[in-house]
Amino acid sequence: MTLQSLQVNWKTQLYQIKDGKKLLSLFKLFSNIILIQHLIACVWIWNAYLNVNQQHNWMIVRNITDQDWTYQYIQSYYFATVTMTTVGYGDIAPTNRYEYVLCLLIMMISCGVFGFSINGIGNIFSQFNEKENEIKQKLSIINIQMKQNNISNSLKNEIRQYLDYVWRENNEKLTNDSNAIFSQLDERLKRDLQLESNKIIIQYLKQNFSNNFTEKAIQLIKEQYYKPQQQIFQQNQIVDQFLYYIQKGSVILTVNNPYITSKIVS
């Protein structure tokens, strides 16, 4: 094995970042809605406490002034929710001038916030389906073309599986983008990133090779992707001696020998 030809296959999970950002945005929107409902509920209770000497306020009408604060909060949060969602059952309503003014402010603020949040949630869900619909449309076009050309079912399935993998994963583009971003790091951060990303193979190298060899090998680690059904190399083919580490997936080792069976390595 020559050190200059050492290559290790390590696979990043950056393709999940895009969907992760969508989920995070969705979580933030729901969190904002819950937070604003909580604030409205607190203000609604606070207003009732300030006007406790009034002959009428919503807590007196609901006959919950002697209830514990948790029950009062639940009632107030219920009012905030039905107001924000524009349901407005009317079972909790303003009863004096202060509550009417406050209710007007709450309705203007909550309706705007809720409308904005619902629009954002709809956009996020549409983005989730955007890629899936695009893939289905492309596969439909490919299926029609292959059917017109009388392509065999086995070849059609192989082509569909290959294209589906390429379109869904698209890891090579993500790797190029991530490498361009990571190239802006200083040397120390680059080295720390490489050590963290390849800690399993580095541990293997340390256990089987000298420290000097391992230090030099770390600088030569490269990422390589192989798609389904792609042949890495053939038997008796003259290739450089590489050390492959499978980060994700599996590889079938096939030998042209009737006494040796194929082996799946993962």
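Scroll up to find the structure this text is about.
A few points on the structure. Since this is a predicted model, take the numbers as computed values, not measurements. (Residues numbered from 1 in each chain as written. Predicted model: local features only at pLDDT ≥ 70, side-chain atom pairs only at ≥ 80, totals over all residues. Heavy atoms only, no water.)

### Quick notes on the packing of helix α8 (residues 199–208) against helix α9 (residues 211–218)
How we decide: Where helices are involved, their axes are fitted lines through C-alpha atoms of the stretch in contact, as for all axes, and angles between N-to-C directions lie from 0 to 180°. The helix count covers DSSP runs of H or I at least four residues long, the strand count covers runs of E at least two residues long, and both are numbered beginning at the N terminus. Throughout, the term roughly parallel applies to angles under 35 degrees, roughly antiparallel to angles over 145, roughly perpendicular to angles from 65 to 115, and oblique to all others. Handedness of a crossing follows from how the near helix is turned relative to the far one, being left-handed for an anticlockwise turn of less than a right angle and right-handed for a clockwise one. We call two residues contacting when some pair of their heavy atoms lies within 4.5 Å. In this classification, the charged set is Asp, Glu, Lys and Arg, the nonpolar set is Ala, Val, Leu, Ile, Met, Phe, Trp, Tyr, Cys and Pro, and all remaining amino acids, among them Gly, are polar.
Close contact between α8 and α9 brings their axes to 8 Å; oriented N to C, the two are set at 155°. Comparing the axis directions of α8 and α9 gives the class roughly antiparallel. By crossing handedness, the relation of α8 to α9 is classed as right-handed. Counting all contacts with α8, which are made through I202, L205 and K206, the residues of α9 involved are F213, T214, A217 and I218. Of the residues that constitute the contact of α8 with α9, the class distribution is five nonpolar, one polar and one charged.

### Structural notes on the nonpolar core
In globular proteins that are soluble, nonpolar side chains generally tend to be buried together. Stated formally: Side-chain atoms within 4.5 Å are what join buried Ala, Val, Leu, Ile, Met, Phe, Trp, Tyr and Cys residues into a set we call a nonpolar core. Each residue's exposure class comes from its accessible area (1.4 Å probe, protein chains only) as a fraction of the maximum for that residue type: buried when under 20%, exposed when over 50%, partly exposed otherwise.
Formed by 21 residues in total, the largest nonpolar core has its most connected members in W44, W58, F79 and I106. Secondary structure elements with two or more residues in this core: α1 (17–50), α2 (58–61), α3 (69–84) and α4 (97–148). W58 has contacts with W44, I45, A48, I64, Q72, Q75, S76, I92, A93, T95 and E99, leaving out every residue within four places of it along the chain. With eight residues, the next largest nonpolar core counts I202, F213, I218 and I221 among its residues.

### As for the side chain of N57
Operational definition: Polar contact criterion, stated in full: a pair of N or O atoms within 3.5 Å, where within protein one must be able to donate a hydrogen and the other to accept it, and residues adjacent in sequence count only if both atoms are side-chain atoms.
Within the fold, N57 resides in the loop between α1 and α2. Within polar-contact distance, the side chain of N57 engages the backbone nitrogen of M59 at 2.9 Å.

### Some words on the packing of aromatic side chains
Filter applied, for reference: Aromatic contacts are taken between Phe, Tyr and Trp rings whose centres are within 6.5 Å, Trp giving its six-membered ring; a plane angle under 30 degrees counts as stacked, one over 60 as edge-to-face, and the others as tilted.
Tallied over the full model, the rule gives five aromatic pairs. Arranged with centres 4.2 Å apart and planes meeting at 15°, the rings of W44 and F79 form a pair that is stacked. With W44 in helix α1 and F79 in helix α3, this residue pair connects regions lying 35 residues apart in the sequence. The exposure classification of W44 matches that of F79, with both residues buried. A ring pair is formed by F209 and F213, whose centres lie 4.6 Å apart and whose planes are at 25°; its orientation type is stacked. An aromatic cluster is built from W44, W58 and F79, whose rings are joined through pairwise contacts.

Note that all results are geometric; they support no functional claim without further evidence.
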